[in-house]
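Topology and contacts: notes
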Amino acid sequence: MHEHEHDIGDLNVEKLLGAAYKPERAQAAFVRQVEKAMMSEANKLQPESRRLEDSPAGLSGHPQMDERVKRLRRRLGWAMGLAASLAACFLIYYARTRQGDALPPSGVQPRDITELIQKLQPAIGDKVFGMTAKPRPAAPEVKPVEVGKTTVTQAGERKRITLGDGSVVYLNQSTEITHPAPRQIVLKKGEVYVEVAPRELGSKDTFVVKATGRDITALGTRFGVNVEEKGPGVIVTQGRVKVSGLGDVITAGQQLEPGAKKATGAPRATHVLDWTRELMAAAESPLVPCSKHAGGALIAVDPFGQEVTLTLRNFHIDVHVEDGFARTTIDQTYFNNN
């Protein structure tokens, strides 16, 4: 393609840009009305000898003023066209966003809608703008572990515990820890992941994990520790960690392999700490409120017309995926108490 030739796509874009804005012409009667009003106001400000008439005949003999009026008319035509375009855009926006009989005043930003509804609630009653989500249920309360208590997990078992200072400890399977003092745990075997709570204002107590002769001191962080024969291994996901016997501080994204004397780059935390995912999800409040019919329900009516809920004894789901289609089969077994 030669330099003077243009791509057909560029030409089309140029045509679209050239025709993108075509303001509508204002109605002639409206223009004359506005012009007459402006001429009347201009005459009030001019001396008696220089007053103009609002007819073309009155403009003869005033060449400079005649040219000014022509320019004024052209500018007025463009202004009226622009105003009409803006009004059309506003009407389209109003038609698409109107909810009920009420409309927020102009100038209201989206972030102010919630506050506006709260202020207008006494006046509008039950009317609301759009759908309102239900509040998320509160997370289940967890009783903190007492100082001096030992927590153990068996093979295939994982736990999430909370300490008195608000720190959270995740225990992998086959793990044993002891909580001898506030902001301190002893890892005897297994693997833990700790979310350290900030210490109280003015307190100098740091969070310490003791593992096979080494102290892992948290400097406001989240980290994991696993115990092996060579020594403890540490991975930091947030903040910094100080390990006794190691000169450098381990920062987020680094790990200390068991028996190593220098920190190295850590692999993906989502892969190494994948075992904590279900525990974290269980600790959060559910997005959907619990239902008494969760898992299915079978309700019968006795001879007296009273509803009787049968007991669910067995629940089994089988999912078969093939060629992008999933077939789900649910088997439920109920016990008839009557």
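Residues numbered from 1 in each chain as written. Predicted model: local features only at pLDDT ≥ 70, side-chain atom pairs only at ≥ 80, totals over all residues. Heavy atoms only, no water.

So, the overall build of the protein chain
- Across its full length, the protein chain carries 6 helices and 18 strands.
- Expressed as a percentage of the 338 residues in the protein chain, the buried residues total 22%.
- Within the protein chain, contacts between residues separated by at least 24 positions form 38% of all contacts whose residues are at least 6 apart in sequence.
- Accessible surface, the protein chain as shown: approximately 24800 Å² in total, 54% of it carbon and sulfur. (Helix = DSSP H or I, 4+ residues; strand = E, 2+ residues; numbered from the N terminus. Buried < 20%, exposed > 50% of the residue type's maximum accessible area, 1.4 Å probe, protein only. Contact = heavy atoms within 4.5 Å. Areas by Shrake-Rupley, 256 points an atom, 1.4 Å probe, with all protein chains shown as cover.)

A closer look at the confidence of the model for the protein chain
- Confidence in the prediction for the protein chain averages 76 pLDDT; 70% of positions are at 70 or higher.
- When the criterion is pLDDT under 50, residues 52-61 qualifies, and its contacts beyond four places in sequence or with other chains add up to 12 contacts.
- Note that pLDDT drops below 50 for residues 99-106; the model gives that stretch 10 contacts with residues more than four away or on any other chain. (pLDDT = per-residue confidence, 0-100.)

Some remarks on the packing of aromatic side chains
- All told, the structure shown has 1 aromatic pair when counted by the stated rule.
- Above the face of the F335 ring, R313 is positioned so that its terminal group lies 4.4 Å from the ring centre. (Phe/Tyr/Trp six-rings, centres within 6.5 Å; stacked < 30°, edge-to-face > 60°. Lys NZ or Arg CZ within 6 Å of the ring centre and 35° of its normal.)

Looking at the sheet that holds strand 1 (residues 150-152)
- Taken together, 7 strands build an open sheet; the order of strands is 1-4-5-7-8-11-12 and the sheet is mixed. Edge strands, defined here as strands with exactly one partner in the open sheet, are strand 1 and strand 12 (250-251).
- Two strands pair when backbone bridges link them, and strand 5 (residues 184-189) and strand 7 (residues 207-211) are joined in this way by 3 bridges, in the parallel orientation. Along strand 7, the bridge assignment pairs I185 with V209. (Pairing = 2+ DSSP bridges.)

A short note on the sheet that holds strand 14 (residues 264-265)
- With antiparallel pairing, 7 strands are arranged side by side in an open sheet as 2-3-6-9-10-13-14. The sheet is open, and its two edges are formed by strand 2 (159-162) and strand 14, each paired on a single side.
- With 4 bridges connecting them, strand 3 (residues 168-171) and strand 6 (residues 191-195) associate as antiparallel partners. Across the sheet, the residue bridging to V169 is V194, located in strand 6.

A few points about the nonpolar core
- One finds V169, V194, V209, I216, F223 and V225 to be the most contacted residues of the largest nonpolar core, which totals 26 residues.
- Secondary-structure elements contributing two or more residues to this core are strand 3, strand 5, strand 6, strand 7, strand 8 (214-218), strand 9 (222-228), strand 10 (231-238) and strand 11 (240-243).
- When neighbours within four sequence positions are excluded, V169 is seen to be in contact with K159, R160, I161, L163, I177, I185, V192, Y193 and V194.
- The next biggest cluster of nonpolar side chains, apart from the first, holds 6 residues, and it includes V168, Y170, L273 and L279. (Core = buried A, V, L, I, M, F, W, Y, C linked by side-chain atoms within 4.5 Å.)

Quick look at the pairing of strand 8
- Inspection of the sheet shows strand 7 paired to strand 8 by 5 bridges, in the antiparallel sense. Each residue of the ladder has a partner; that of V209, found in strand 8, is I216.
- Taken together, the 3 bridges between strand 8 and strand 11 define a ladder with antiparallel strand orientation. Across the sheet, residue T217 finds its bridge partner in strand 11, namely K242.

Points about a positive patch on the surface
- Together, K70, R71, R74 and R75 line one region of the surface with positive charge.
- Summarising the element assignment, K70 is placed in helix 3 (residues 63-97). (Patch = residues over 30% accessible without salt bridge, like charges linked within 9 Å, V, L, I, M, F, W, Y side chains within 5 Å. Salt bridge = Lys/Arg side-chain N within 4 Å of Asp/Glu carboxyl O. Lys, Arg positive; Asp, Glu negative; His and termini not counted. Charge placed at Lys NZ, Arg CZ, Asp CG, Glu CD.)

Thoughts on unusual backbone geometry
- The phi angle at S174 is positive, at roughly 55°, despite the residue not being glycine.
- Inspection of the secondary structure assignment puts S174 in the loop between strand 3 and strand 4 (176-181).
- Judged by its relative accessible area of 34%, S174 is partly exposed.

Here's the deal with a nonpolar patch on the surface
- Residues L312, F315, I317, V319, V321 and I330 make up a contiguous nonpolar surface patch of about 520 Å² in total accessible area.
- Counting residues per element, the nonpolar patch draws most heavily on strand 17 (residues 311-322), at 5 residues.
- With respect to the helices and strands, the residue V319 is situated in strand 17.

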